[in-house]
Amino acid sequence: MIFSRAGLVWAAGVLAYLVAVTQRTTFGVAGLEATDRFGATASQLSVFTVVQLLVYAGLQVPVGVLVDRWGPRTLIVAGGVLMALGQAQLAFADSVGAGIVGRLFVGAGDATTFISVLRLLPAWFEPRRIPVLTQWTGIIGQLGQVVSVIPFVALLSGVGWQPAFLSAAALSVVAVVLSVSVIRDSPVAGSERRSQTLRETGTSLAEAWKQPGTRLGLWSHFTIQFPGTVFVLMWGYPYLVRAEKVGEGAASALMTLFVAVGIACGPLLGRYVGRHPLRRSTMVLSIAGLMAAAWLAVLLYPGPAPLPLLTLLVVALAVGGPGSMIAFDFARTFNPAARMGTATGIVNIGGFMASLLTMFVIGIVLDLLLAGGYSRGDLYALTSFRLAMAVQLVVLATGATAVVIARGRVRRRMAEQGVVVPPLRDALARERRLRRQRKAARRQDG
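Student: Hey, could you go over the pattern of salt bridges for me, with residue numbers and the actual values?
Tutor: Tallied over the entire structure, the rule returns four salt bridges. Between lysine 210 and glutamate 207 there is a salt bridge, and its shortest N-O distance comes to 3.3 Å. With a gap of three residues between them, lysine 210 and glutamate 207 both fall in helix H10 (residues 198–210), about one helical turn apart. Taking the shortest distance from any N to any O, the salt bridge between aspartate 329 and arginine 280 comes out at 2.9 Å.

Student: Account for the nonpolar core, with residues named and values stated.
Tutor: Core analysis: the largest hydrophobic core is formed by 118 residues, its most contacted members being Phe38, Trp161, Phe231, Trp235, Tyr239 and Trp295. No other element matches helix H11 (residues 212–243), which puts 15 residues into this core. If we skip the residues at most four places from it in the chain, tryptophan 161 touches Phe27, Ala30, Glu33, Ala34, Arg37, Phe38, Leu90, Ala91 and Leu156.

Student: Tell me about the packing of helix H4 (residues 60–70) against helix H6 (residues 96–124), residues and numbers included.
Tutor: Interaxial distance between H4 and H6 falls to 9 Å at its minimum, and their mutual angle equals 45 degrees. Accordingly, the angle class assigned to the pair H4 and H6 is oblique. Like other packed secondary-structure pairs, H4 and H6 cross with a definite hand, here right-handed. Listed contacts from H6 to Gln60, Val63, Gly64, Val67 and Asp68 of H4 are Ala111, Thr112, Ile115, Ser116 and Arg119. Along the lines of polarity and charge, the residues of the contact of H4 with H6 split into four nonpolar, four polar and two charged.

Student: Tell me what's going on with the environment of serine 355, and back it up with residues and numbers.
Tutor: Considering the arrangement of structural elements, one finds serine 355 in helix H16 (residues 340–371). With relative accessibility at 0%, the residue serine 355 sits in the buried group. Sequence-wise, serine 355 and valine 230 are 125 residues apart; in three dimensions their C-alpha atoms are separated by 5.7 Å. Among all residues touching serine 355, those that are not within four sequence positions of it are Leu53, Gln225, Phe226, Thr229 and Val230. At 2.7 Å, the side chain of serine 355 forms a polar contact with the backbone oxygen of glycine 351.

Student: Please set out helix H13 (residues 280–299) residue by residue, giving values where relevant.
Tutor: Here H13 spans 29 Å end to end across 20 residues, near enough to the 28 Å set by a 1.5 Å rise per residue. Those residues of H13 that are buried are in contact with H11, helix H12 (248–275), helix H14 (307–323), helix H15 (326–334), helix H17 (382–389) and helix H18 (391–416).

Student: Got a sec to walk through the side chain of serine 179? Specific residues and values, please.
Tutor: Tracing the backbone shows serine 179 in helix H9 (residues 161–182). Judged by its relative accessible area of 1%, serine 179 is buried. Of note is the side chain of serine 179, whose polar atom sits 2.8 Å from the backbone oxygen of alanine 175.

Student: Could you give an account of unusual backbone geometry, naming the residues involved and the relevant values?
Tutor: Despite not being glycine, lysine 245 has its phi angle at roughly 60 degrees, a positive value. The topology assignment puts lysine 245 in the loop between H11 and H12.

Student: Now, about the environment of phenylalanine 48: what can you tell me, with residues and values included?
Tutor: Its place among the elements puts phenylalanine 48 in helix H3 (residues 42–58). Linking phenylalanine 48 and arginine 386, residues 338 residues apart in sequence, is a C-alpha distance of 22 Å. In contact with phenylalanine 48, not counting residues within four places along its chain, are Phe27, Phe38, Leu90, Val96, Gly99, Ile100 and Arg103.

Student: Please set out a positive patch on the surface residue by residue, giving values where relevant.
Tutor: Residues Arg430, Arg432, Arg433 and Arg436 make up a contiguous surface patch of positive charge. With respect to the helices and strands, arginine 430 occurs in helix H19 (residues 424–445).

Student: How would you summarise the packing of helix H8 (residues 144–158) against H12 if you had to cite specific residues and measurements?
Tutor: The contact between H8 and H12 brings their axes to 9 Å, and the two run at 170 degrees. As judged from the angle between their axes, H8 and H12 are roughly antiparallel. Side by side, H8 and H12 meet where Gln145, Val146, Val149 and Ile150 of the first sit next to Ser252, Met255, Thr256, Phe258 and Val259 of the second. Looking at the contact of H8 with H12 residue by residue, the class counts come to six nonpolar, three polar and no charged.

The rules we used
Residues numbered from 1 in each chain as written. Predicted model: local features only at pLDDT ≥ 70, side-chain atom pairs only at ≥ 80, totals over all residues. Heavy atoms only, no water. Salt bridge = Lys/Arg side-chain N within 4 Å of Asp/Glu carboxyl O. Helix = DSSP H or I, 4+ residues; strand = E, 2+ residues; numbered from the N terminus. Core = buried A, V, L, I, M, F, W, Y, C linked by side-chain atoms within 4.5 Å. Buried < 20%, exposed > 50% of the residue type's maximum accessible area, 1.4 Å probe, protein only. Contact = heavy atoms within 4.5 Å. Axes fitted to C-alpha atoms, helices over the stretch in contact; angles between N-to-C directions. Parallel < 35°, antiparallel > 145°, perpendicular 65-115°, else oblique. Left-handed = near helix turned anticlockwise from the far one by under 90°. Nonpolar A, V, L, I, M, F, W, Y, C, P; charged D, E, K, R; others polar. Polar contact = N/O pair within 3.5 Å; in protein donor to acceptor, adjacent residues only side chain to side chain. Expected span 1.5 Å × (residues − 1). Patch = residues over 30% accessible without salt bridge, like charges linked within 9 Å, V, L, I, M, F, W, Y side chains within 5 Å. Areas by Shrake-Rupley, 256 points an atom, 1.4 Å probe, with all protein chains shown as cover. Lys, Arg positive; Asp, Glu negative; His and termini not counted. Charge placed at Lys NZ, Arg CZ, Asp CG, Glu CD.

Structure, rendered in structure tokens:
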């Protein structure tokens, strides 16, 4: 497939997304250096990423409209240019304000990429392959985190702030060149573009929001995407190094493990969704419970948590990445193709809004504890950092409650259409029967 025209287009799009994830996550691993460079407090430091994610989340629906009007290739190229400019600006920035401007450009460029790459798939591939390719797009794109935690951290430590961020900007330039050279919106030029009037856009947005399945997707993304995003983009690396004292090498290894677990879990979750389409929200709530239990175990541990417990925490958080892709499946199955982009944009807002809110509040809590002398002069003291990170449990509980409420509305709508979700025990019993029947059939064939 990778040597076909469609495969090359998809590969170039995925590379652009991988680079976007790299640009998104570089500041998270540079938090300690940024504190020294800008003389920033914890809440000021969190503003960098909060601004980036606020721009990203705010542009999701507009980008969905622009992709339909201008085509995904144009949006991918524009995003790459914006991210290159943003990283170059950050490389030369010497104040908090100048640095925030750079992250604003990075957030705007990042916002255009994922939706645009997903928009390429229906034009180039047959429908039955799109769910699998969507999952692999997300999985491969997350390898950008490895780029930020290994080669980027090495550059940052070895040659300093400015060369490291200029090198990151150069990656986006490469992605732009490849996108211009390889990506086309469809096999037939211009056939996938469709202009919408302002009235049509407003109607599509209203209809997508009124659909309970869209809101279930939004809250699912809100609930299980943000813990991993907060950990990787902002507070995970400082927490591991300064609070838990695991060392920079071990922290980088744990960040890399985060990506590896996400890659491994993606196909498994995709298979689950395919086999149990009526149990998608159950998986979302299960993942939320897993992450809450892992954080409670770490936060309540007396003294610094041992490395195996921190490893379990990273594994639990990593499942949320591919798990959050279930939210896009809600958008796909509960909305017609005509408003798929709008519904996807609405869903994609959820996790990033939760992420930016949580990151900012964690920074505020750390500053308040520091001002009160609670951390005894160390901004990243273990106890103060654990209290701040506990904010995530409140957000998880809020999201899980919203998922349960939205699921109830979806199931009532489904019941009106004659689709009844059986009790979980009945579904499990049915699965066991089918498994026994398949084994019996294989024995007979053998």
